[in-house]
Amino acid sequence: MPITRITLGQGYSEARLQQISALLHQTLVAEFAVPVDDCFQLIELLPASQRIYNRYYLSEGRSEDFILFQITAGRPRSRQQKQRFYQQLCASLHSTLGIDPDDVMVIIQFNSSEEWSFSGGRMLAEVMS
């Protein structure tokens, strides 16, 4: 049940955004055991003046193609799952779209099913019980 906010610069075509979205979802399904139908993403295109970041902080160097993936997920994943996810996402974006792995930043936060309501004001924890 992850939801991902994808923040990147302006100028991406609709087709390229769809490819980024699809690669993210494929990686979540493969590495995080997310159900195929469980796809929730918000894509934000921001001008350079609203994307302020250090190009070299813990990186070989970020370009204007810098993409931030902020993932909120319910069930915690193991260290190995997270590491495979990071590596596979970077590899897929690089091999398919030519996005440099140094331009990919991922932040994952976990919470419980009590913090989710998918619709109708019903707490996910109650729906799943």
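Check the entry above for the structure.
This structure is a prediction, so every number in the text was calculated from the model and none was measured.

**Concerning the overall build of the chain**
Item 1. Regarding its fold elements, the chain presents three helices and four strands.
Item 2. Shown N-terminal to C-terminal, the secondary structure of the chain runs as helices and strands in the order β-α-β-β-α-β-α.
Item 3. Along the first, second and third principal axes, the C-alpha set of the chain runs to 45 × 30 × 30 Å.
Item 4. Counting across all 129 residues of the chain, residues that qualify as buried make up 35%.
Item 5. Within the chain, counting contacts between residues at least 6 apart in sequence, those at least 24 apart form 73% of the total.
Item 6. Accessible surface, the chain as shown: approximately 7800 Å² in total, 51% of it carbon and sulfur.
Item 7. Taken as two groups, the 11 positive and 14 negative side-chain charges of the chain have centres that lie 4 Å from each other.

**A few points about the sheet that holds strand β2 (residues 41-46)**
Item 1. One open sheet accounts for four strands, arranged β2-β1-β3-β4; its pairing is mixed. Each of the sheet's edge strands pairs with one partner strand only, and the pair in question is β2 and β4 (104-110). Direction aside, neighbouring strands of the sheet carry axes that sit 15 degrees apart on average.
Item 2. With six bridges joining them, strand β1 (residues 3-9) and β2 adopt parallel strand pairing. Paired with I6 across the strands is I43, a residue of β2.
Item 3. On top of the sheet, helix α2 (residues 79-97) reaches β3 (67-73) and β4; it is set at about 145 degrees to β4, its chief contact.

What counts and how
- Residues numbered from 1 in each chain as written.
- Predicted model: local features only at pLDDT ≥ 70, side-chain atom pairs only at ≥ 80, totals over all residues.
- Heavy atoms only, no water.
- Helix = DSSP H or I, 4+ residues; strand = E, 2+ residues; numbered from the N terminus.
- Buried < 20%, exposed > 50% of the residue type's maximum accessible area, 1.4 Å probe, protein only.
- Contact = heavy atoms within 4.5 Å.
- Areas by Shrake-Rupley, 256 points an atom, 1.4 Å probe, with all protein chains shown as cover.
- Lys, Arg positive; Asp, Glu negative; His and termini not counted.
- Charge placed at Lys NZ, Arg CZ, Asp CG, Glu CD.
- Pairing = 2+ DSSP bridges.
- Axes fitted to C-alpha atoms, helices over the stretch in contact; angles between N-to-C directions.

Function-wise, these values are silent; they only describe arrangement.
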